[in-house]
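# A closer look at the structure
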Amino acid sequence: MANVPVQRMSQLLAKTLRDDPADAEVLSHKLLVRAGYVRRTAAGVWSWLPLGKKVLANVERIVREEMDAIGAQEVLLPAILPREPYDATGRWDEYGPELFRLKDRKGGDYLLGPTHEEIFTLLVKDQASSYKDLPVILYQIQSKYRDEARPGPASCAAASS
């Protein structure tokens, strides 16, 4: 194992909080912010602080090991996706106002991908030309942006019981 320098807690960029953040409704949100793992940048947008990033990297490593062990292959798909595949499935309109849409400099419609089902389907369709190419197991690890309504505190308590 490589020599990894010891990170001293006194040097770690991590500020813990005594009180819950005012905008936090979900217990996991409160705990992660108070413990100095993450900070909210905007609604649905999070900054991972050094301690949280270490945990996130460890979770990613474990997921990769397990996926690779079953023969899965990792891909990394773009976060900004064209409209056409989502039109074909009807989800361009189905998502409604929660979908983050944008136009490129030429007026083309794009979205910030909340999921990648359409793109995975197109990728396999393009790459697998015969049943002999199947089965194939693909996965990706990527941040997502979703501006969706959150359940209220009562719903969270009921859901977690």
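This structure is a prediction, so every number in the text was calculated from the model and none was measured.

Looking only at helices and strands, one finds six helices and seven strands in the chain. The order of helices and strands in the chain, counted from the N terminus, is α-β-β-α-β-β-α-α-β-β-α-β-α. Long-range pairs, those at least 24 residues apart, make up 53% of the contacts in the chain between residues at least 6 apart in sequence. Total accessible area computed for the chain in this model is approximately 11,900 Å², and 57% of it derives from carbon and sulfur atoms.

With that settled, the discussion passes to unusual backbone geometry. In the segment running from Leu134 into Pro135, the intervening peptide bond is cis, with an omega of -5 degrees. Here Pro135 shows up in the loop between helix H5 (117-127) and strand E7 (138-139).

A separate point is a nonpolar patch on the surface. Judged by side-chain polarity, Val55, Val59 and Val63 come together as a nonpolar surface patch covering roughly 210 Å² of accessible area. With respect to the element layout, Val59 can be found in helix H2 (residues 50-69). Judged by its relative accessible area of 45%, Val59 falls in the partly exposed class.

Formed by Val75, Leu77, Leu81, Tyr86, Trp92, Leu99, Leu111, Ile119 and Phe120, the largest nonpolar core amounts to nine residues. Those residues in contact with Trp92, other than ones at most four positions away along the chain, are Arg83, Tyr86, Asp87, Leu99, Arg101, Asp109, Tyr110 and Leu111.

The subject of this paragraph is the confidence of the model for the chain. Summarising the model, the chain shows a mean pLDDT of 84, and 81% of its residues fall at 70 or more. The secondary-structure element of the chain with the lowest mean pLDDT is helix H6 (residues 153-160), recorded at 37, while strand E3 (residues 73-74) shows the highest, at 98. Here residues 151-161 is a poorly scored stretch, pLDDT under 50, and it has four contacts once near neighbours within four places are set aside; other chains count.

Quick look at the sheet that holds strand E4 (residues 80-82) now. Taken together, the three strands give an open sheet; going across it, the order is E4-E6-E5, and neighbouring strands pair in antiparallel fashion. Among the strands making up the open sheet, the edge pair consists of E4 and strand E5 (101-103). The sheet shows a mean angle of 40 degrees between the axes of neighbouring strands, taken without regard to direction. Judged from the three bridges that link them, E5 and strand E6 (residues 109-112) form a sheet pairing that is antiparallel. Directly across from Arg101, in E6, lies its bridge partner Leu111.

With that settled, consider the environment of Lys15. You can see Lys15 is positioned in the segment before helix H1 (27-34). Residues Lys15 and Ala35 lie 20 residues apart in sequence; the distance between their C-alpha atoms is 7.6 Å. Excluding residues that lie within four positions of it along the chain, Lys15 makes contacts with Val33, Arg34, Gly36 and Arg39.

Taken as a whole and judged by the stated rule, the model has eight salt bridges. Here Glu74 ties to Arg64 by a salt bridge, and the two come within 2.7 Å at their closest N and O atoms. Taken together, the residues span a long stretch of sequence, with Glu74 in strand E3 and Arg64 in helix H2 at a distance of ten residues. Looking at Glu74, the relative accessible area reads 36%, which means it is partly exposed. With a shortest N-O distance of 2.6 Å, Asp109 and Lys103 are connected by a salt bridge. You can call Asp109 partly exposed: its relative accessible area is 21%. Classification of Lys103 by relative accessible area gives exposed; the value is 56%.

Each value, and the rule that gives it
- The residue count restarts for each chain, going from 1 along the sequence in the order it is written.
- Owing to the predicted nature of the model, reporting of local features is limited to residues with pLDDT of at least 70; listing and counting of side-chain atom pairs is limited to 80 or more, with chain, interface and lining totals taken over all residues.
- Hydrogens and water molecules were not included; the side-chain quantities draw on all heavy atoms of the structure.
- Secondary structure follows DSSP: runs of H or I at least 4 residues long count as helices, runs of E at least 2 residues long count as strands, and numbering of each begins at the N terminus.
- Any two residues whose heavy atoms approach within 4.5 Å at even a single point are treated as in contact.
- Shrake-Rupley sampling with a 1.4 Å probe provides the accessible areas, and residues are treated as covered by the protein chains on show and by no other component.
- Patch membership requires more than 30% relative accessible area and the absence of a salt bridge. Residues of like charge join within 9 Å; the nonpolar side chains Val, Leu, Ile, Met, Phe, Trp and Tyr join within 5 Å.
- Salt bridges, as used here, are contacts in which a Lys or Arg side-chain nitrogen is within 4 Å of a carboxyl oxygen on Asp or Glu.
- Summary of the burial criterion: residues with accessible area below 20% of their type's maximum are buried, those above 50% are exposed, and those between are partly exposed, where the area comes from a 1.4 Å probe applied to protein chains only.
- Here, the term nonpolar core denotes a set of buried Ala, Val, Leu, Ile, Met, Phe, Trp, Tyr and Cys residues that are joined through side-chain atoms within 4.5 Å.
- For every residue, the predictor assigns a confidence score, pLDDT, that lies between 0 and 100.
- Strands qualify as paired when DSSP identifies two bridges or more between them.
- Structural elements are reduced to axes, namely lines fitted to C-alpha atoms, with helices fitted over the stretch in contact, and the angle between N-to-C directions of any two is expressed from 0 to 180 degrees.

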